[in-house]
Amino acid sequence: MSGESGAAETTPLEERLIDLIKLKGPITVADYMSDALGHPHEGYYMRQSPIGAEGDFTTAPEISQVFGELIGLWLVEAWQAMGAPESFNLVELGPGRGVLMEDILRAARLRPGFAKAAQVWLVETSGRLRLQQQKRLRSTEAKPLWADDYADISPGPSLIVANEFFDCLPIRQFERVSNGWRERLVGLDERSAGLVFTLDETPPPPAFDLPPIAESEIGDIFEIAPAAQEVTQEICQTLADHGGHALVIDYGHMERGCGDTFQAVRDHKYWPPLSSPGRADITAHVDFETLASIAIEAGANVYGPVTQGRFLERLGLPLRVEALCRGLEEAKATEIRTGATRIAAPQAMGEIFKVLCLSSPALPTPAGFET
Ligand code: SAH
């Protein structure tokens, strides 16, 4: 990345937001997050190379090729259980540098019919990352198509994967005050020179499903992710109409509850989320319980969430690692084993990351979710 981590600087996006707030008043946390990440010129994903050792954060597929390979084999099995349709959408939401899709397609070569049948769709808003995805997938059989939005994909039987995508969808936050809830907003400090959290003066409309007063305490924060809910609904509609599965992998909580999970990371370290918007990655934990209940309401079957460590183990991670290491020189074998430990060990990414599967009801229980 730019190598300019260190101190907070006033970014062009911050100046625009300050002007906007001066004119129109405070904005929601969701509007802030949406601009900080996705503003067409100044958004974080539009400007930087966020992922990998030289970026701000790293992800499971970037750490270990085994992650994508096991998911690739999972997808092949799921496709066969769907009756091996001759054409289907293989969708990835938020594909980053394209590493996961590349590993998926390599592992899936095991069944040549899979790649032939798959129309690869990449849902990506960043032009810069689209270019990287295009370069990386050039050597594969896939002729990917890109969409800005899941809703733009032509409908059909679908296998959908999202790794660390839902955590970047904007959230709204509500704070418990003495007599109810107030939406947390982003406003200006006393000198109108910087961004600070403030509270809406009026209560939110009752349509927001906020926890009862008796079950919360003053100062509690409750989060709602409207965009995550919307895309979950759209996915479940596809699954109901055309069949398939969606695998959602992310960090988050199994049970709905209060907690402030709005956070930023820059150069592999935590960063104040209102500082230097556009220069740090901003995320929030995924509320798996709410997504699961939306999916059930939309008629999908829901499996999990299970922890990432357990899921990968059930898919045969240890065996796969040993097969890969066989005959390799020691240094390379150690690198593969270390990567596999990082993505699956409870104290690393194995516990905090969860895997949720949404499925059309007619299909058998997918691998990794057996009880
Ligand atoms: N799945 C990848 C990258 C995760 S980073 C990996 O595991 O390495 C998040 C990805 O989602 C990036 O590609 C980012 O550009 C994309 N993204 C973020 N918000 C998005 C949105 N609203 N619509 C589409 N893509 C988005």
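Everything numeric here is computed off the predicted structure, so don't read it as measured data. (Residues numbered from 1 in each chain as written. Predicted model: local features only at pLDDT ≥ 70, side-chain atom pairs only at ≥ 80, totals over all residues. Heavy atoms only, no water.)

Examining the pairing of strand β2 (residues 88-93)
- Of all 6 residues in β2, 6 are buried, a share of seventy percent or more.
- Here β2 shows no split at all, with Phe88, Leu90 and Glu92 on one side and Asn89, Val91 and Leu93 on the other all buried.
- In this structure, β2 lies alongside strand β3 (residues 118-123), joined through 6 bridges in parallel fashion. Directly across from leucine 93, in β3, lies its bridge partner valine 123.
- Note that β2 and strand β5 (residues 158-163) share 5 bridges and pair parallel. Within β5, the residue paired with asparagine 89 across the bridge is serine 158. (Buried < 20%, exposed > 50% of the residue type's maximum accessible area, 1.4 Å probe, protein only. Helix = DSSP H or I, 4+ residues; strand = E, 2+ residues; numbered from the N terminus. Pairing = 2+ DSSP bridges.)

Quick look at the confidence of the model for the protein chain
- Scored by pLDDT, the protein chain has a mean of 94; 98% of the residues are at 70 or more.
- For residues 1-5, every residue scores under 50 in pLDDT, and the model assigns this stretch 11 contacts once sequence neighbours within four places are set aside. (pLDDT = per-residue confidence, 0-100. Contact = heavy atoms within 4.5 Å.)

Let's talk about the sheet that holds strand β12 (residues 269-271)
- Strand order across the open sheet formed by 3 strands is β12-β11-β13, with antiparallel pairing between neighbours. Since the sheet does not close on itself, it has two edges, and those belong to β12 and β13 (281-283), each with one partner. Averaged over all pairs of adjacent strands, the angle between strand axes in this sheet comes to 40 degrees, irrespective of strand direction.
- Of the pairings in the sheet, the one linking strand β11 (residues 263-266) to β13 comprises 3 bridges and is antiparallel in character. Each residue of the ladder has a partner; that of valine 265, found in β13, is aspartate 281. (Axes fitted to C-alpha atoms, helices over the stretch in contact; angles between N-to-C directions.)

Some details on the side chain of asparagine 163
- Relative to the elements of secondary structure, asparagine 163 occurs in strand β5.
- With sequence-adjacent residues up to four places away left out, asparagine 163 is seen in contact with Thr59, Ala60, Pro61, Phe67, Leu93, Gly94, Leu100 and Ile249.

Comments concerning the domain arrangement of the protein chain
- Along its sequence, the protein chain is carved into domain 1 (12-39 + 171-221) and domain 2 (47-169 + 224-359).
- The interface is formed by 25 residues belonging to domain 1 together with 24 residues belonging to domain 2.
- A combined buried area of about 1800 Å² lies between domain 1 and domain 2, and 67% of that area is made up of carbon and sulfur atoms.
- Run the count over domain 1 and domain 2 and you get 2 salt bridges.
- Close ionic contact of arginine 256 with aspartate 209 constitutes a salt bridge, the shortest N to O distance being 3.5 Å. (Domains from an automatic or database assignment. Buried area = accessible area lost by both parts, 1.4 Å probe. Salt bridge = Lys/Arg side-chain N within 4 Å of Asp/Glu carboxyl O.)

Comments concerning helix α2 (residues 29-38)
- Listed as buried for α2 are Val29, Ala30, Tyr32, Met33, Ala36 and Leu37. The arc enclosing the buried residues of α2, seen along the axis, measures out at 160 degrees, which places them on a common side. (Arc of directions from axis to C-beta.)

Things to note about the packing of aromatic side chains
- Throughout the structure, instances matching the rule amount to 12 aromatic pairs.
- Geometrically, the ring pair formed by phenylalanine 165 and phenylalanine 166 is edge-to-face, given 5.6 Å between the ring centres and 90 degrees between the ring planes.
- Under the relative-accessibility criterion, phenylalanine 165 is labelled buried at 14%.
- A centroid spacing of 5.0 Å and a plane angle of 50 degrees characterise the contact between phenylalanine 174 and phenylalanine 208, whose relative ring orientation is tilted. With phenylalanine 174 in strand β6 (residues 172-177) and phenylalanine 208 in the loop between β8 (195-199) and β9 (221-224), the pair connects residues that are 34 residues apart, well separated along the chain.
- Lying across the ring of phenylalanine 197, arginine 184 places its NZ or CZ 3.9 Å from the centre. (Phe/Tyr/Trp six-rings, centres within 6.5 Å; stacked < 30°, edge-to-face > 60°. Lys NZ or Arg CZ within 6 Å of the ring centre and 35° of its normal.)

What about the site of the ligand?
- In the vicinity of the ligand lie 20 residues, with Thr59, Gly94, Gly96, Glu124 and Asn163 positioned nearest.
- One of the backbone N or O atoms of glycine 94 is found 2.7 Å from a nitrogen atom in the ligand.
- At a separation of 2.5 Å, an oxygen atom of the ligand approaches a polar side-chain atom of glutamate 124.
- A total of 580 Å² of accessible area belongs to the ligand in isolation, and the protein chains cover 91% of it.
- For the shell around the ligand, a count of residues per class yields 10 nonpolar, 6 polar and 4 charged. (Near = heavy atom within 4 Å. Polar contact = N/O pair within 3.5 Å; in protein donor to acceptor, adjacent residues only side chain to side chain. Areas by Shrake-Rupley, 256 points an atom, 1.4 Å probe, with all protein chains shown as cover. Nonpolar A, V, L, I, M, F, W, Y, C, P; charged D, E, K, R; others polar.)

Quick look at helix α6 (residues 99-107)
- Counting buried positions along α6 yields 7 of 9 residues, so the element is predominantly enclosed.
- All of the buried residues in α6 are Val99, Leu100, Met101, Asp103, Ile104, Leu105 and Ala107.
- Residues of α6 that are buried in the fold lie against α4 (60-63), α5 (65-81), β2, β3, α8 (127-137) and β5.

Section: the environment of valine 91
- Within the secondary structure, valine 91 is located in strand β2.
- Taking C-alpha positions, valine 91 is 5.9 Å from leucine 122, a pair spaced 31 residues apart along the chain.
- Setting aside residues up to four positions removed in sequence, valine 91 forms contacts with Trp121, Val123, Tyr150, Ile153, Leu159, Ile160 and Val161.

Let's talk about the nonpolar core
- Of all hydrophobic cores here, the largest spans 51 residues; its most connected members are Trp74 and Leu90.
- Considering every element that reaches this core, the biggest residue donor is α5, with 9 residues.
- Ignoring any residue separated from it by four or fewer positions in sequence, one finds tryptophan 74 in contact with His245, Leu247, Phe311, Leu315, Cys357, Pro366, Ala367 and Phe369. (Core = buried A, V, L, I, M, F, W, Y, C linked by side-chain atoms within 4.5 Å.)

Let's talk about the state of the cysteines
- Tallied over the entire structure, the rule returns 0 disulfides.
- No disulfide involves cysteine 357; its sulfur sits 10 Å from that of cysteine 236, the nearest cysteine. (Disulfide = S-S within 2.5 Å.)

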